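Observations on chain architecture
Below are the chains, spelled out letter by letter.
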Amino acid sequence: AKEQGKNRYKVFHSGMNIQSYKNFILRNDLRKAIEREELSIVYQPRVDIETGKVRNAEALLRWNHPNWGPVSPAEFIPLAEESGDIMAFGDWILKSVCLQNKAWQQAGYAPIQISVNFSAQQFLQKDLVGSIQQILKETELGPEWLEIEITESTILGNEEIITRTLNQLRKWGIRISIDDFGTGYSSLSYLMRFPVHTIKIDRSFISDISKDASHSQTLISSIISLAHGLHMSVVAEGVETEEQLDFLKKYQCDEAQGYLYSPPVPAAEFEAFLVPALSK
Ligand code: C2E
Ligand code: CA
Ligand code: CA
Ligand code: CA
């Protein structure tokens, strides 16, 4: 038993070393990822549950590392936040997304909104509104076609500055959503005091719909009715089954996003979800 314990300790440790070695390499290579064109953006459709139309897409970052292959954003975004590279990434993502959206509009497709994820550091940067406006100006994209996703943890502890920024963005016509809604520790009514347009219910609640008959279902239907009472729209994340969709439809959830419709795909593939402007 002693021997086993020793081995286990060794294995655990070398595993840790590989992970920290990998993080070391990744952190180092992050800086050059943009210029080496290793980053790309994929788009996942958000579908209007009632009409089946796609009016929004979420932009998600991908990193194809020359040695490690595809690295998950869940893995490298935290590293980019630690190193500060997230700021350069953020500008690159926002600009790429706005250029892409403008290009689709100019190609004659019915306009859609594209949602971009902002980490706390990005959202709390000095003159955030000014730099977003600059990118909108450069790319000539209308502000109503951009949505910014922030999480509850970004809001917490920064209520005053966040409210001010949200109000400014709103005034400029930019849309805002709260991502991963329900996963933090704040009360729903507290969170809903912030001036946002949309609430995205976290995937963990959606995947529980079929499992337990009570908790997640009650929570989801409460979020939807609270949000609607405040004129906010609700998106369900991570919708994978017809059963989940049926439940969401029954409780009048506005939009659904998930593998049931499509995984995130490259821009060229996403065009399959766009329709000509005239037929809208
Ligand atoms: P998120 O913002 O909550 O994004 C949703 C994640 O769920 C995405 O993972 C997406 O691929 C995945 N997903 C979508 N539908 C389904 C489904 O039906 N089932 C399952 N199991 N998963 C689904 P992804 O692309 O790996 O991104 C992970 C996280 O990394 C994102 O979570 C977001 O927090 C962060 N992230 C991604 N791109 C960016 C970015 O450009 N900027 C920032 N700041 N964060 C980003
Ligand atoms: Ca998101
Ligand atoms: Ca989310
Ligand atoms: Ca998430």
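Overview of the structure. (Residues numbered from 1 in each chain as written. Chains lettered and ligands numbered in written order. Predicted model: local features only at pLDDT ≥ 70, side-chain atom pairs only at ≥ 80, totals over all residues. Heavy atoms only, no water.)

1. As for the environment of Leu 61
- Tracing the chain through its elements places Leu 61 in strand β2 (residues 54-65).
- With 20 residues separating them in the primary sequence, Leu 61 and Ile 41 have C-alpha atoms 4.8 Å apart. (Helix = DSSP H or I, 4+ residues; strand = E, 2+ residues; numbered from the N terminus.)

2. A closer look at the coordination of the calcium ion (ligand 3)
- In this structure, Asp 179 (OD), Asp 180 (OD), Glu 237 (OE) and Glu 237 (OE) serve as the protein donors to the calcium ion (ligand 3), at separations of 2.1 to 2.6 Å.
- Coordination of the calcium ion (ligand 3) draws on donor residues from a single chain, spaced D-D-x56-E in sequence.
- The metal-metal distance between the calcium ion (ligand 3) and the calcium ion (ligand 2) comes to 3.8 Å, with Asp 179 coordinating both. Here Asp 179, found in strand β6 (residues 175-181), pairs with Glu 237, found in the loop between β8 (233-236) and α11 (242-250); they are 58 residues apart in sequence, far enough to count as distant.
- Owing to a relative accessible area of 8%, Asp 179 belongs among the buried residues under this scheme.
- A relative accessible area of 10% means that Glu 237 is categorised as buried. (Donors = N, O, S within 2.8 Å, 3.2 Å for Na, K, Ca; no water. Buried < 20%, exposed > 50% of the residue type's maximum accessible area, 1.4 Å probe, protein only.)

3. Structural notes on a nonpolar patch on the surface
- On the surface, a nonpolar cluster with roughly 320 Å² of combined accessible area is contributed by Ile 18, Tyr 21 and Trp 68.
- Within the element layout of this structure, Ile 18 appears in helix α1 (residues 2-33). (Patch = residues over 30% accessible without salt bridge, like charges linked within 9 Å, V, L, I, M, F, W, Y side chains within 5 Å. Areas by Shrake-Rupley, 256 points an atom, 1.4 Å probe, with all protein chains shown as cover. Salt bridge = Lys/Arg side-chain N within 4 Å of Asp/Glu carboxyl O.)

4. Topic: the coordination of the calcium ion (ligand 4)
- Here the calcium ion (ligand 4) is held by the protein donor atoms Asp 180 (OD) and Asp 180 (OD), which lie 2.9 to 3.0 Å from it.
- Here the calcium ion (ligand 4) and the calcium ion (ligand 3) are spaced 3.7 Å apart, and both take Asp 180 as a donor.
- Within the element layout of this structure, Asp 180 appears in strand β6.

5. Details of the pairing of strand β7 (residues 198-201)
- By the alternation rule, side chains of β7 split into Thr 198 and Lys 200 and Ile 199 and Ile 201, which are all buried.
- The pairing of β6 with β7 spans three bridges and is parallel. Across the sheet, the residue bridging to Ile 178 is Ile 199, located in β7.
- Here four bridges tie β7 to β8, and the two strands are oriented parallel to one another. (Pairing = 2+ DSSP bridges.)

6. Quick look at the pattern of salt bridges
- Within this structure, the stated rule accounts for eight salt bridges.
- For Lys 95, the salt bridge identified is with Glu 138, shortest N-O distance 2.7 Å. Taken together, the residues Lys 95 in helix α3 (residues 86-106) and Glu 138 in helix α5 (residues 128-139) connect sequence positions 43 residues apart.
- Owing to a relative accessible area of 33%, Lys 95 belongs among the partly exposed residues under this scheme.
- Since its relative accessible area comes to 42%, Glu 138 is described here as partly exposed.
- If you follow the salt bridges from partner to partner, you end up with Arg 46, Glu 147, Arg 175 and Glu 255 in one network.

7. What about the nonpolar core?
- Counting residues in each nonpolar core, the largest one holds 74 residues, and the members touching the most others are Tyr 43, Ile 132 and Leu 248.
- Looking at which element gives the most residues to this core, the answer is α3, with seven residues.
- The residues contacting Ile 132, other than those within four sequence positions of it, are Leu 94, Phe 118, Leu 146, Ile 148, Leu 169 and Ile 174. (Core = buried A, V, L, I, M, F, W, Y, C linked by side-chain atoms within 4.5 Å. Contact = heavy atoms within 4.5 Å.)

8. Remarks on the packing of aromatic side chains
- The tally for this structure, following the rule as stated, stands at ten aromatic pairs.
- Between Tyr 190 and Phe 194 the ring centres are 5.6 Å apart and the planes differ by 80°, which places this aromatic pair in the edge-to-face class. With respect to burial, Tyr 190 and Phe 194 carry one shared label: buried. (Phe/Tyr/Trp six-rings, centres within 6.5 Å; stacked < 30°, edge-to-face > 60°.)

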